[in-house]
Amino acid sequence: MNLMNMDSENRVVLNVGGIRHETYKATLKKIPATRLSRLTEALGNYDPVLNEYFFDRHPGVFAQVLNYYRTGKLHYPTDVCGPLFEEELSFWGLDSNQVEPCCWMTYTQHRNTQETLAVLDRLDLDTEKPTDEEVAKKFGFEDAYIKGKVNWWQHLKPQMWSLFDEPYSSNAAKIIGIISVFFICVSIISFCLKTHPDMRVPYIRNITVKTASQNTSWVLDKTQTNAHVAFFYIECVCNAWFTFEIMVRFISSPSKLRFIMSSVNIIDYIATLSFFIDLILQRFASHLENADILEFFSIIRIMRLFKLTRHSSGLKILIQTFRASAKELTLLVFFLVLGIVIFASLVYYAERIQINPHNDFNSIPLGLWWALVTMTTVGYGDMTPKTYIGMFVGALCALAGVLTIALPVPVIVSNFTMYYSHTQARAKLPKRRRRVIPVELSRPQRVPGQPGTGGVCANTGSGKLPSSNAPSTGSMDQTIRRMNANRTISKDVILPKMETKDPVGNV
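Residues numbered from 1 in each chain as written. Predicted model: local features only at pLDDT ≥ 70, side-chain atom pairs only at ≥ 80, totals over all residues. Heavy atoms only, no water.

K.L.:
An account of the overall build of the protein chain is needed here, citing residue identities and associated values.
P.N.:
Assigned secondary structure in the protein chain consists of 19 helices and six strands. Burial statistics for the protein chain: of 507 residues in total, 32% are counted as buried. When the accessible surface of the protein chain is split by element, carbon and sulfur atoms take 62% of a total near 32,900 Å². (Helix = DSSP H or I, 4+ residues; strand = E, 2+ residues; numbered from the N terminus. Buried < 20%, exposed > 50% of the residue type's maximum accessible area, 1.4 Å probe, protein only. Areas by Shrake-Rupley, 256 points an atom, 1.4 Å probe, with all protein chains shown as cover.)

Below, the structure written as structure tokens:
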């Protein structure tokens with residue numbers, strides 16, 4: 001009987017979220033400097049009647065926490081979200097880095113998810129209209145909004161920005177977005193069509209020549225062609241809209257520095273500036289000999305297609321996918337360059353071993369072009385090996401190219417699927433969810449040797465005793481738990497059949 005009493009004194013009952021766990025006190029001492037290693041009967045969550053400690057925490061996570069004290073191995077429950085598991089470990093005073101290697105990959109998935117959600121927040125894919133408080137915080141007049149002193153410009157500036165930069169914020173913004181896309185498409189089509197021979201006008205010059213009889217005559221000479229004048233007026237109208245749009249967006253932008261440093265905006269105002277530079281060159285530098293070469297820089301106007309990313313979340317996700325896959329793409333380029341150099345050298349010497357009068361590989365640099373075309377599975381056919389050894393090298397080159405290009409593709413597809421699935425999930429998520437108010441129960445601190453509700457109030461620290469007429473929150477909580485104590489018992493714990501003593505000592 002004494003042995004049973006000694007064994008019961010060495011055990012402790014922990015009620016976590018309604019699930020009762022029983023273990024030895026020595027087990028909780030295995031990991032020092034934690035919450036469970038410092039349990040005393042003076043704590044406010046100790047119930048002297050049930051002789052247990054109550055914690056209003058997640059019971060499923062605590063099962064793994066208690067198993068960590070018993071076995072020294074911390075496993076991650078798959079039915080619990082990662083941030084919740086970290087929060088519970090922080091409450092019990094445990095380090096999340098102690099998770100076993102078998103569970104580490106599953107446990108760290110939530111960190112990748114949080115990084116993905118942070119990236120999607122920066123992409124600004126939300127189509128729901130923000131609140132007035134969020135708008136004030138974004139544009140930097142939060143203090144004026146709280147004081148109710150918002151001037152007319154602070155009212156107008158967010159409206160202008162949402163009208164020209166957020167196509168899904170209102171019906172008017174959708175109309176502006178459609179107009180912007182229309183001018184982008186017209187500008188790109190005009191830029192392409194003006195190079196077609198049927199869309200160009202010949203430039204005819206009158207040249208005076210001398211005939212064989214020493215008489216003077218003149219001939220018409222068509223030296224070049226110019227684009228039709230209609231394309232010039234189309235470009236003027238389109239660039240007038242682009243200039244107006246970029247000026248309005250710059251004036252109403254929340255942050256001028258972020259607006260200037262944005263890659264899409266850099267393309268926008270460089271493309272617009274190239275049009276005006278082209279006008280100046282045509283006016284003052286058209287007589288130069290190589291003036292047509294300067295038109296090459298007008299190709300930057302094609303880059304206006306990236307402005308469509310403001311109107312399509314799919315394009316934003318695609319660009320972000322390539323950013324996230326930068327390491328894999330760099331590795332692909334490295335192995336591709338390595339293979340090109342190796343197979344270009346091999347095919348050069350392979351074609352020289354046998355007699356080959358029609359050898360296309362006169363140097364290794366020419367072989368680099370052939371290796372690039374072969375490894376990328378394009379195969380123009382302008383250069384082909386003629387010897388059997390060269391054909392064998394060509395077959396190895398094609399196989400190596402297929403394997404090299406195919407390896408990083410699943411990673412890129414996986415990244416795109418991840419971003420797209422999270423975007424679809426965010427679109428279906430309700431934006432206005434009910435807020436949970438953090439309210440703590442006012443539990444009085446117990447004094448050793450005085451069971452009940454007396455003592456100093458733990459929540460205020462004022463030293464005042466609770467009123468004897470008002471029922472104590474701690475006693476009500478203990479009464480409820482006494483009624484439900486035996487309803488839920490941990491499956492891995494078998495409670496001994498013992499007589500329980502009340503605080504007075506009666507059986």
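K.L.:
Summarise helix α9 (residues 152-165); cite the residues concerned and give the values.
P.N.:
Since the α-helix advances by 3.6 residues per turn, residues separated by three or four positions end up pointing in the same direction. Between the first and last C-alpha of α9 there are 20 Å, a value that for 14 residues agrees with the 20 Å anticipated at 1.5 Å per step. Every buried residue of α9 is listed here: Gln-154, Lys-157, Pro-158, Trp-161, Ser-162, Phe-164 and Asp-165. The N-terminus of α9 is capped by Asn-151, whose side-chain oxygen sits 3.3 Å from the backbone nitrogen of Trp-153. (Expected span 1.5 Å × (residues − 1). Polar contact = N/O pair within 3.5 Å; in protein donor to acceptor, adjacent residues only side chain to side chain.)

K.L.:
An account of unusual backbone geometry is needed here, citing residue identities and associated values.
P.N.:
The phi torsion at Ala-33 lies on the positive side, around 60 degrees, for a residue other than glycine. Here Ala-33 shows up in the loop between α2 (25-28) and β3 (46-47). For Ala-33, a relative accessible area of 63% puts it in the exposed group. With a phi angle near 60 degrees, Thr-377 is a residue other than glycine that sits in the positive phi range. Mapped onto the elements of the fold, Thr-377 is located in the loop between α16 (364-375) and α17 (388-406).

K.L.:
So what's going on with the pairing of strand β4 (residues 52-55)? Which residues, and what values?
P.N.:
Where burial is concerned, the two faces of β4 agree: the one with Glu-52 and Phe-54 and the one with Tyr-53 and Phe-55 are both buried. Where strand β1 (residues 11-16) meets β4, three bridges bridge the pair, whose relative direction is parallel. Considered in β4, the bridge of Asn-15 is made with Phe-54. Bridging between β3 and β4 involves two bridges; their strand directions are antiparallel. (Pairing = 2+ DSSP bridges.)

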